[in-house]
Amino acid sequence: MDAENQQQNATPAATADATEEASAGRAPVSRRAVIGWAGAGVALGAAGVGSVAAATRQDDDTPAAPAATADIPFFGDHQSGIATPVQDRLHFAAFDISSSATRDSLVRMLKEWTKAAAAMTGGREVGSGAASGLPEAPPDDTGEALGLPASRLTLTIGFGPSLFEKSAPDGQMVDRFGLKARRPEALIDLPKFKGDNLDPQRSGGDLCVQACADDPQVAVHAIRNLARIGMGTVNIRWSQLGFGKTSSTTPDAQTPRNMMGFKDGTHNIAGTDTAKLAEHVWAAPGEGPDWMTGGSYLVARRIRMHIETWDRTSLKEQEDVFGRTKGEGAAYGRTKEHDAPDLKAMPDDAHVRLAHPETNDGLMILRRGFSFTDGTDGLGRLDAGLFFLAYQRDTRKAFVPLQQRLAASDALNEYIQHVGSAHFACPAGVRKPGEWWGQALFG
Ligand SMILES: C=CC1=C(C)c2cc3[nH]c(cc4nc(cc5[nH]c(cc1n2)c(C)c5CCC(=O)O)C(CCC(=O)O)=C4C)c(C)c3C=C
Ligand SMILES: [Fe+2]
């Protein structure tokens, strides 16, 4: 991770959460401390510099870990997991709030979630830990991340339209938590797009948490522990595991490839490009409710790929679909991946031609998707595709018009289908310990 990017989220308070826990009479438990210094010696000898972070105790003064493995600060003006560098793995969960939950129980849970999130993203155990609490009680932490580093874990929370207003079985819209008046106008119920085949069981949600980490066990552990804390207040509605990031928010990094074999993320908003982030990603003061200033709107789409059909398609047709070459990833008529495209050199219905800002009055979104394979579909075909995640300043002016254009005429449509969809308002960051996720919304 580059230093500038890490700064995006860092505040002087970023390291103070450990102090907060300590002053609450509970020594912060470092997962890495479990390895101990004997283990650290072995790790250093065996794996070299990259293992330093894995073997370093959270609570000492050892020099900063190498950039590639350094923790991503939880506290900051913006939530981490949006403009911070993309990790290798994803566990995304959408939650519904139980019918018995109250505003107070929800607030209590959000406070607990925030403490747990700050601990886990810092590589520490939740609460009193996995193996050091009262013997008579279940441990506070489920334990499967013991001994693992934070792995650049980020946890990003979002609030869905149904948190503000939900339709009851009799069709009436209910303002369950007194939040209706605080719903941002930009947090629309997404329209139906041409070709959508959405599964309600993989769509929507009152809340979401996006967990990204370089180790899938760390991401899964984080979601599992939040779900555990939320038991009785929230239930997981649907979740999605992802691998092989299909986007790059780090300009110098090699662009990853998607399940169709193409570089994906070439022309994206870089996490270091503060001007573009301000223009296209962060909600600005005065254009929505105050609690969303510095936040961003997230669209999640589970997009199934018809892999078997794609794999029988000629290389020429595959390249025509995107308007870029498969090997280098260069735009048609160009030689290098990052050469500015000549859109007219591409077929009219090429994905890149239709999605490029020039075709869309300059609009841009920050793409942060992951590949998925979830076994087979019962018909001998892989259930595989792209879990598309896009952050933007106002969904009505970004994802919606863009997807309308793509749904109408993208050559890619022959090979994909959108099967899940959700929309969330992700508030600004938690700036310091003691503050909590959703404080400005509920406060
Ligand atoms: C509504 C927005 C988009 C959806 C949905 C979407 C689906 C989708 N995309 C790919 C593969 C590629 N997309 C690429 C570029 C690209 N895609 C979008 C938007 C959506 N994609 C944008 C805004 C762009 C950037 C266009 C530009 O500015 O040039 C590319 C090219 C490489 C790159 O720039 O990232 C690929 C490849 C798939 C497979 C997919 C659905 C499954
Ligand atoms: Fe795309």
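Residues numbered from 1 in each chain as written. Chains lettered and ligands numbered in written order. Predicted model: local features only at pLDDT ≥ 70, side-chain atom pairs only at ≥ 80, totals over all residues.

Below, the discussion takes up the confidence of the model for the protein chain. Reading predicted coordinates in detail is not appropriate for stretches of low pLDDT. With 85% of its residues at a pLDDT of 70 or more, the protein chain has an overall mean of 88. Confidence drops under a pLDDT of 50 for residues 1-28, and excluding neighbours within four residues, the segment shows 60 contacts in the predicted structure. Every residue in residues 34-67 is under pLDDT 50, and counting partners more than four places away or in other chains gives 47 contacts. Two numbers describe this predicted complex: its pTM, 0.89, and its ipTM, 1.00. (pLDDT = per-residue confidence, 0-100. Contact = placed C-beta atoms within 7 Å.)

Nonpolar side chains tend to gather and get buried jointly when the protein is soluble and globular. Counting residues in each nonpolar core, the largest one holds 96 residues, and the members touching the most others are Leu-153, Cys-208, Ala-211, Ala-219 and Ala-222. Beyond its immediate sequence surroundings of up to four residues, Cys-208 is in contact with Phe-92, Ala-93, Ala-94, Phe-95, Gly-158, Gly-160, Ala-422 and Phe-424. (Core = buried A, V, L, I, M, F, W, Y, C linked by C-beta atoms within 7 Å. Buried ≥ 20, exposed ≤ 12 C-beta atoms within 10 Å, placed from the backbone.)

Mapped onto this structure's residue numbering, the UniProt feature "domain: Dyp-type peroxidase N-terminal" (unreviewed entry) falls at residues 79-243. Taken end to end, residues 79-243 has its terminal C-alpha atoms 21 Å apart, with 22% of it in helix and 22% in strand. (UniProt positions renumbered as here; feature names shortened; annotations may be inferred. Helix = DSSP H or I, 4+ residues; strand = E, 2+ residues; numbered from the N terminus.)

Regular strands place side chains that alternate from one sheet face to the opposite one. The element strand S5 (residues 207-213) is largely enclosed, with a buried count of seven among its seven residues. Of the two faces of S5, both are covered, the one formed by Leu-207, Val-209, Ala-211 and Ala-213 as well as the one formed by Cys-208, Gln-210 and Cys-212. Sheet topology note: the strand S1 (residues 89-97)/S5 ladder contains seven bridges and is antiparallel. Each residue of the ladder has a partner; that of Arg-89, found in S5, is Ala-213. When strand S2 (residues 154-159) meets S5, the two strands line up antiparallel, connected through six bridges. (Pairing = 2+ DSSP bridges.)

On to the UniProt feature "domain: Dyp-type peroxidase C-terminal" (unreviewed entry) in the protein chain. Look at the UniProt record and you will see "domain: Dyp-type peroxidase C-terminal" (unreviewed entry) annotated at residues 255-430. Taken end to end, residues 255-430 comprises 20% helix and 23% strand; its first and last C-alpha atoms sit 30 Å apart.

Before going further, it helps to examine the site of ligand 1. Contacts to ligand 1 come from 29 residues, most closely from Phe-262, Thr-266, His-267, Ala-355 and Leu-386. Residue assignment for the shell around ligand 1 shows that the elements contributing at least two residues are strand S7 (296-305), helix H11 (351-355), strand S10 (382-392) and helix H12 (399-409). For the shell around ligand 1, the element with the highest residue contribution is H12, accounting for four residues. Tallied by class, residues from the shell around ligand 1 come to 16 nonpolar, nine polar and four charged. (Near = placed C-beta within 6 Å. Nonpolar A, V, L, I, M, F, W, Y, C, P; charged D, E, K, R; others polar.)

Counted at 1.5 Å a residue, the expected span for helix H5 (residues 103-121) with its 19 residues is 27 Å, and the 26 Å between its end C-alpha atoms agrees. Of the residues making up H5, those classed as buried are Leu-106, Met-109, Leu-110, Trp-113, Thr-114, Ala-116, Ala-117, Ala-118, Ala-119, Met-120 and Thr-121. Two residues or fewer after H5 comes Gly-123, characterised by a positive phi angle close to 80°. (Expected span 1.5 Å × (residues − 1).)

A word on the pairing of strand S9 (residues 370-376). Direction of pairing for strand S6 (residues 234-245) relative to S9: antiparallel, over a ladder of two bridges. Following the sheet pairing, Phe-243 is matched in S9 by Ser-371. When S9 meets S10, the two strands line up antiparallel, connected through five bridges. Bridge assignment links Phe-372 to a residue of S10, and that residue is Gly-385. Hairpin connection between S9 and S10: a loop of five residues separates the two successive antiparallel strands, and Gly-378 in this loop has a positive phi of roughly 90°.

The topology assignment puts Leu-153 in the loop between H5 and S2. On a C-alpha basis, the gap between Leu-153 and Glu-287 in space is 31 Å, while along the polypeptide they are 134 residues apart. Among residues more than four places away in sequence, those in contact with Leu-153 are Met-120, Thr-121, Ala-211, Ala-213, Val-218, Ala-219 and Ala-222.

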